[in-house]
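# What the coordinates show
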Amino acid sequence: MSFLGKVLLPLAIGALVVLPGCARPQASSNRQADLVFSWSQDVGPLNPHLYGPSQMFAQDMIFEPLVSYGRGGEILPALAESWEVSPDGRLITFQLRQGVQFSDGEPFNAEAAKLNFDQVLANTGAHEWLELIQQIDRVEAEGDYTLRLYLKNPYYPALQELALIRPVRFLSPAAFPDSGTTADGIKQPIGTGPWVLAEYRKDDVAVFRRNENYWGERPDLEQVIVRIIPDGETRVIAFESGELDLIYGNGVISLDAFQQLQQSGRFQAEISQPLSTRAIAIHSGRGPTQELAVRRAIQHSFNKDAVIEAIFYNTERRADTYFSDEVPYANIGLEPYNYNVEQANALLEEAGWTLPAGGAIRQKNGQPLVLELSFNALNNIDKAIAEALQADLRRVGIDLRLLGEEQQSWLERQSNGEFHLIFNDTWGPPYEPHAMVSSMRKPSHADYEAQSGLPMKAEIDRKIALVLISTDETTRQQLYRDLLTTLHEQAVYLPISYSTNLAVFRETINGFEFASQANQIPFKQLTKTPKSNR
């Protein structure tokens, strides 16, 4: 457990914690300036340099990057006003924004930025999935506002990965633990961002107050109150009763509920542009899915169009490849696995999986064709997809057993490889394709585990290493073509649809626009007007 968790957890049971240095929010007296939102899990200790259980949207509220990721992939200034990349691609020089302070009054400057970078680099084992961290040689501060980032090799996605929500964001030096090592935890989540964590009760509520000393345009809202509501149906009830102002995300409520709220005419309901690929990873090194014929039969057995219509109400587009054609380097004309039950049956028969007389489940050498699919039990949409896939696979003689699990158990199963099939969505911009592909080489990731049984896995990893440091565009395109073609032909991913975020909000909420990253929530730009008396 982190330092913050150790300090706050004993106090959090039954009592709201007012964090040091933060004024108590005036939620009851100025409700009109507050926005009430809900999330399925506790926001976590909010260490900017680490991962779960901290929730990304909450980390993004407090901590800022050097550069931000705009629509269409544009890299925009954030804590860095400008930057210059050397001709050989191995040095990026940032000119930092002057006059920026952390919310505790500490100055943000080159020294503070280097201190944070050094903490991330000292804990590289936790960041093996992110190639940028492996490529940084050193970081140097020059004066108060010049920061130099030296790379071991030219790394073309460096700026995109500096825009990620974690791990390269900036914590006040005063909030570092006494050990000086943020891998041990932090004293408080203190950043330069537009919000300050003001109050917190574990597994109940987190209150984010507007940072009155924010260097940029301050939010109009005074507070964002995040209530922890694990269940989607309970979340809908709370929203309809007026307890919540906003529902946002993917899988946070069922699409049945979204459609009902949308059609009620009482609320505003929006669907984002496609953000990532909703997919299932298929383990190539475990049980029956070691066989290519079984993996391909699964592809042909799944009626995606029926799922798109019945579960998504056509709010998402069918995915035929792991990365959308709109992702850089991914528009290479891969042939989809069409829905074809006859073809699926033929593949299984040829591979020796036959139906016993009077039986419904195929067998081979006396063993039934039984697979397991793991999913996060709190994700209403994944549960519905799992049930549809279970029914489709049974029609071709595959017994798919569903494992709806608590999120941490589901994540552990991704990392330890104890699955046949497991939900494993892509990450969307700005991660695709480079960061996703990079993570495929790292054990303890579902992508690595899914590919681990492939005879050409070593060659896949070698090409990934090459493509990330390639300086020749033609070479890079060919390497991506080879990689994505191999993974598609080996059928280690079952793409389902190109997923979107959903938002439902009250008529009093204005200024809404979806964020450019899937795990950001656009609280900063929202305004709230008095409720109509009509």
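Remember, it's a predicted structure, so these values are computed and weren't measured experimentally.

### With respect to helix α6 (residues 232-240)
Here α6 has its buried residues at Gly232, Arg235, Val236, Ala238 and Phe239. One face of α6 carries all of its buried residues, which in axial projection span an arc of 160°. Structural note: α6 exposes Glu233 and Ile237 on the side pointing more than 90 degrees away from its buried face. Turning to α6, the residues buried within the fold contact β2 (34-39), β11 (223-228), β12 (246-249), α7 (255-263), α11 (380-395) and β22 (502-505). Two or three places before Glu233, at the start of α6, stands the capping residue Asp231, its side-chain oxygen 3.2 Å from that residue's backbone nitrogen. With its phi angle positive at about 90°, Gly242 sits one or two positions after the end of α6.

### Structural notes on unusual backbone geometry
A cis amide bond, omega 15°, links Gly52 with the succeeding residue Pro53. Secondary-structure assignment places Pro53 in the loop between β2 and α2 (56-62). In this structure, the amide linkage connecting Pro429 to the following residue, Pro430, adopts the cis form with an omega of 0°. With respect to the helices, strands and loops of the structure, Pro430 is situated in the loop between β20 (421-423) and α13 (434-439). At Tyr313, a position not held by glycine, the phi torsion is positive, near 50°. Given the relative accessible area of 27%, Tyr313 is considered partly exposed.

### Digging into the pairing of strand β7 (residues 136-142)
Pairing analysis gives 6 bridges linking β7 to strand β8 (residues 146-151), with the strands arranged antiparallel. Bridge pairing in β8 links Val139 to Leu149. Counted along the chain from β7 to the antiparallel partner β8, the turn is 3 residues long, and its residue Gly143 has a positive phi close to 70°.

### Quick look at the domain arrangement of the protein
Domain boundaries in the protein define domain 1 (32-47 + 193-267 + 506-533), domain 2 (64-187) and domain 3 (275-499). Of note, the centres of domain 1 and domain 3, computed from C-alpha atoms alone, are 33 Å apart. The interface of domain 1 with domain 3 comprises 15 residues on the first partner and 16 residues on the second. Summing both partners gives a buried area of about 1,300 Å² for domain 1 against domain 3, and 50% of it is carried by carbon and sulfur. At the junction of domain 1 and domain 3, the tally comes to 0 salt bridges.

### A few points about the pattern of salt bridges
Any two side chains of opposite charge can pair, so long as their charged atoms come close to each other. This model, assessed by the stated rule, comprises 29 salt bridges. Note that Glu140 and Arg138 form a salt bridge whose closest N and O atoms lie 2.8 Å from each other. Accessibility expressed as a relative area gives 32% for Glu140, which makes it partly exposed. Taking relative accessible area as the criterion, Arg138 reaches 36% and is therefore assigned partly exposed. Overlapping salt bridges, with partners in common, bring together Glu459, Arg462, Lys463 and Asp482 in one network.

### Brief notes about the environment of Asn376
When you line up the elements, Asn376 lands in strand β18 (residues 370-376). In the structure, Asn376 is positioned 28 residues away from Gly404 in sequence and 5.7 Å away in space, judged by C-alpha atoms. When neighbours within four sequence positions are excluded, Asn376 is seen to be in contact with Glu405, Gln407 and Trp410. From its side chain, Asn376 meets the backbone nitrogen of Leu378 in a polar contact 3.0 Å long.

### Comments concerning the sheet that holds β18
What holds strands together in a sheet is hydrogen bonding between their backbones, with the strands either parallel or antiparallel. Ordered in space as β15-β21-β14-β20-β18-β19, the 6 strands form an open sheet in which the pairing is mixed. Where the open sheet ends on each side, the last strands, each with one partner, are β15 (317-318) and β19 (399-405). Examined bridge by bridge, β18 and β19 share 7 bridges and lie parallel to one another. By the bridge assignment, Leu371 is partnered in β19 with Leu400. Strands in contact with α11 are β14 (276-282), β18, β19, β20 and β21 (493-499); relative to β19, the strand with the most contacts, it is inclined by about 165°.

How each quantity is defined
Residues numbered from 1 in each chain as written. Predicted model: local features only at pLDDT ≥ 70, side-chain atom pairs only at ≥ 80, totals over all residues. Heavy atoms only, no water. Buried < 20%, exposed > 50% of the residue type's maximum accessible area, 1.4 Å probe, protein only. Helix = DSSP H or I, 4+ residues; strand = E, 2+ residues; numbered from the N terminus. Arc of directions from axis to C-beta. Contact = heavy atoms within 4.5 Å. Polar contact = N/O pair within 3.5 Å; in protein donor to acceptor, adjacent residues only side chain to side chain. Pairing = 2+ DSSP bridges. Domains from an automatic or database assignment. Buried area = accessible area lost by both parts, 1.4 Å probe. Salt bridge = Lys/Arg side-chain N within 4 Å of Asp/Glu carboxyl O. Axes fitted to C-alpha atoms, helices over the stretch in contact; angles between N-to-C directions.

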